[in-house]
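Summary of structural features
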Amino acid sequence: MICLLTKKFKTKNISATIEKFASENDRSPLEFSFNINGVETYIKTVAEDTFVLYNEDIHDYYKDHDKLINEHVRIRQIYTITVKETPKKIVKLNYSINFSDNNVSPAIILHPESDIPYKKYKPKEIYLLLLKELNNIKALNGILINIFDTQMKEKLKAFVKYLYGGKFVKKIKIPLFNGVEPEVRRNSKLVMRFLQKETNHQVIEVDEGEVLVDFIKPVFGKNGLNAFGEIVNNDYLKNSEDLKCHVDKKSIEIVENEDKKIYKSRLKGYVHFDENNFYVDNKIKMEHLSRVQDSVAKDEANNIEVIISQNDTSLDSLGEGVELTSETIHINGHVGAKSTLRAVNLTIDGATHKDSSQEAKFATINRHKGRLRCHSAKITLLEGGEVHATNVEIENSLGGTVYAENVTIQNVKSNLKVYASNSITIKRVSGEDNLFKISYKDIPTLNSKYNFLAQEMEELKYKLEGALRHTPSDVPVLKEQINELKTEQEKIINCVKHAKISVQEPFRGLNTITFTFADGEELTYKTDEAAYEPFYLVESGDYITLHPTQKKILIEK
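Here's what I pulled together on the structure shown here.

For the peptide bond that leads from His547 to Pro548, omega is 5°, which places it in the cis range. Checked against the element boundaries, Pro548 lands in the loop between strand 39 (543–547) and strand 40 (552–554). With a phi angle near 55°, Phe148 is a residue other than glycine that sits in the positive phi range. Along the chain, Phe148 turns up in the loop between helix 4 (123–140) and helix 5 (150–164).

Written as structure tokens, this is what we have:
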């Protein structure tokens, strides 16, 4: 004899009760079913502080909807159920529940795949089995049973006739509850302000404190009652218009009052919005950026990081003609032709096209073929590209041109031109026809700096002339400022005197070493296949000699 687990409970949460009973007996909740033996209905009105058991006929009470609403009635139910271990259910419904706005009129959608053995039973028996199953489903989902269900019973009777006619081949909708619809003076409205911003950018950039979304709450002229026994009024905001996705409280602030709910950005960044998540981040990742999308951001100093990652190595991560500006840019793939990147921090894991340009304070590039301007550059392979920087570090070079104050290279092949003002440090030169030149005049940024200092000095000299006549007390300060500018200019002009070119390993071919003076005169040396000590200038007597060679020039008196 098989002994099946069975137990009676009094509960207001059937699912939780079954789960607990199953857990206590080391079973799955799916192995149990339940019967509703009875239901107690409790109501609470403006006259009561708590819910009280309603022993009279509830049907007579709720027929008068105005009375129900005017007394602010709320309804709760407690069920007496028998939970039992069931080998097999007679009726197995395949269904979904469609909850309406404010949950006033939910309906069940029955699918034709449902298992309803109507041929084995009489229509009245199938009706009662289905009614029992619908009430069980309602109770499991917190929907009130045995009240507001007249329409459900009528539709269920019609469905049984439909079923026995062999017509149940499409989904059927049956109302589960007919509550009291509220009268709405103003419908709710969700205003997606961040989507209304005029922008050509692929993603939307927002400022700290910017309003992203407004949820205008509904205003009810008359309250309603929903399927859970709750009053539907301005305080009950289970509204389909409000955001359903998860809102990140760390990046989005929610400010709420009686009239509306406001979603505000807590930081400057990019908006991420989909059916699951809503947040603002200063980092954004995308697979591709095309010219059609124009650009991502418009301000370099925006504390925003852009990551563009293209898994297809045959495609450019950054398409042709794109202009991209952001504080931090990280491109996983290649950069297309005629594109422009501007950033404080720039990282390119792929290659830059020869017709592309990049501007940054700090740049790290894997393969560089384009035109780069920055303060500090780290390049894995310089492949014919051009670099303008203060400090440059290159692992390998296959041609190209570098303009900088300090340059460090591990391996040089051929056809590289390096113009520096302070130092050129190289580990190995394995090719020929390379030029290593100390010359500030060949470095555009130093020329610009020199000219800027000259303009500043002219302005200060003009102020000094006026101070000598009218405000003598300003003269010492102005003279000091002029002398400081002169010192800066002299550092630029005389940098050649302190500069050094070092090649650690022996040269393997013909290359050119050049030091250029302020007056344009040069000391040039063609290397042999030999090792050399560092190249620098030595002033002795009337001559300046290029160490360690015998190349020298006469010092003009």
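There's more to say after this.
Time to look at the packing of helix 6 (residues 444–469) against helix 7 (residues 475–493). The geometry of helix 6 relative to helix 7 is characterised by a closest axis approach of 9 Å and an angle of 160° between their N-to-C directions. Considering the angle they form, helix 6 stands roughly antiparallel to helix 7. Crossing handedness for the pair helix 6 and helix 7: left-handed. Grouping the amino acids of the contact of helix 6 with helix 7 by side-chain chemistry returns 15 nonpolar, 2 polar and 7 charged.

Among the secondary structure elements, Asn136 is positioned in helix 4. Those residues in contact with Asn136 that lie beyond four places of it in its chain are Phe34 and Ile36.

The subject of this paragraph is the nonpolar core. Core analysis: the largest hydrophobic core is formed by 50 residues, its most contacted members being Val387, Val392, Val402, Phe436, Phe515 and Phe535. Take this core: its biggest share by element is 6 residues, from strand 33 (residues 416–429). When sequence neighbours within four positions are dropped, the list of residues in contact with Val387 reads His368, Leu372, Ala377, Ile379, Leu382, Val392, Thr401, Val402 and Tyr403. By size, the runner-up hydrophobic cluster in this structure holds 35 residues, among which are Ile108, Ile137, Phe168 and Leu225.

Turning our attention to the side chain of Ser421. Here Ser421 shows up in strand 33. A relative accessible area of 2% places Ser421 in the buried class. Aside from chain neighbours lying at most four places away, what touches Ser421 is Ala404, Glu405, Ile438, Ile443, Leu446, Cys495 and Ala499.

Sheet architecture is open: 4 strands sit in the order 9-11-17-16, paired in antiparallel fashion. The sheet is open, and its two edges are formed by strand 9 (189–192) and strand 16 (252–256), each paired on a single side. Neighbouring strand axes in the sheet, compared pairwise and without regard to direction, differ in orientation by 15° on average. With 4 bridges connecting them, strand 9 and strand 11 (residues 211–216) associate as antiparallel partners. Bridged to Val191 within strand 11 is Asp214.

Further remarks concern the sheet that holds strand 15 (residues 246–247). Sheet architecture is open: 4 strands sit in the order 10-18-19-15, paired in mixed fashion. Lying at the two open borders of the sheet, with one neighbouring strand each, are strand 10 (205–206) and strand 15.

Right, let's talk about the packing of helix 4 against helix 5 for a bit. Running from amino to carboxyl end, helix 4 crosses helix 5 at an angle of 130°, the nearest separation of the two axes being 10 Å. Between helix 4 and helix 5, the crossing angle belongs to the class labelled oblique. In this structure, helix 4 crosses over helix 5, and the sense of that crossing is right-handed. Mapping the contact onto sequence places Pro123, Ile126, Tyr127, Leu130, Leu131, Leu134, Asn135 and Lys138 in helix 4 and Met152, Lys153, Leu156, Lys157, Phe159, Val160, Leu163 and Tyr164 in helix 5. Among the residues making up the contact of helix 4 with helix 5, the classes are represented as 12 nonpolar, 1 polar and 3 charged.

You can see Ser439 is positioned in the loop between strand 34 (435–438) and helix 6. Since its relative accessible area comes to 2%, Ser439 is described here as buried. C-alpha separation for the pair Ser439 and Ile492, spaced 53 residues apart in sequence, amounts to 9.7 Å. Look past the residues within four positions of Ser439 in its chain and what remains in contact with it is Ala420 and Thr516. A distance of 2.8 Å separates a polar atom in the side chain of Ser439 from a polar atom in the side chain of Asp442.

What counts and how
- Residues numbered from 1 in each chain as written.
- Predicted model: local features only at pLDDT ≥ 70, side-chain atom pairs only at ≥ 80, totals over all residues.
- Heavy atoms only, no water.
- Helix = DSSP H or I, 4+ residues; strand = E, 2+ residues; numbered from the N terminus.
- Axes fitted to C-alpha atoms, helices over the stretch in contact; angles between N-to-C directions.
- Parallel < 35°, antiparallel > 145°, perpendicular 65-115°, else oblique.
- Left-handed = near helix turned anticlockwise from the far one by under 90°.
- Nonpolar A, V, L, I, M, F, W, Y, C, P; charged D, E, K, R; others polar.
- Contact = heavy atoms within 4.5 Å.
- Core = buried A, V, L, I, M, F, W, Y, C linked by side-chain atoms within 4.5 Å.
- Buried < 20%, exposed > 50% of the residue type's maximum accessible area, 1.4 Å probe, protein only.
- Pairing = 2+ DSSP bridges.
- Polar contact = N/O pair within 3.5 Å; in protein donor to acceptor, adjacent residues only side chain to side chain.

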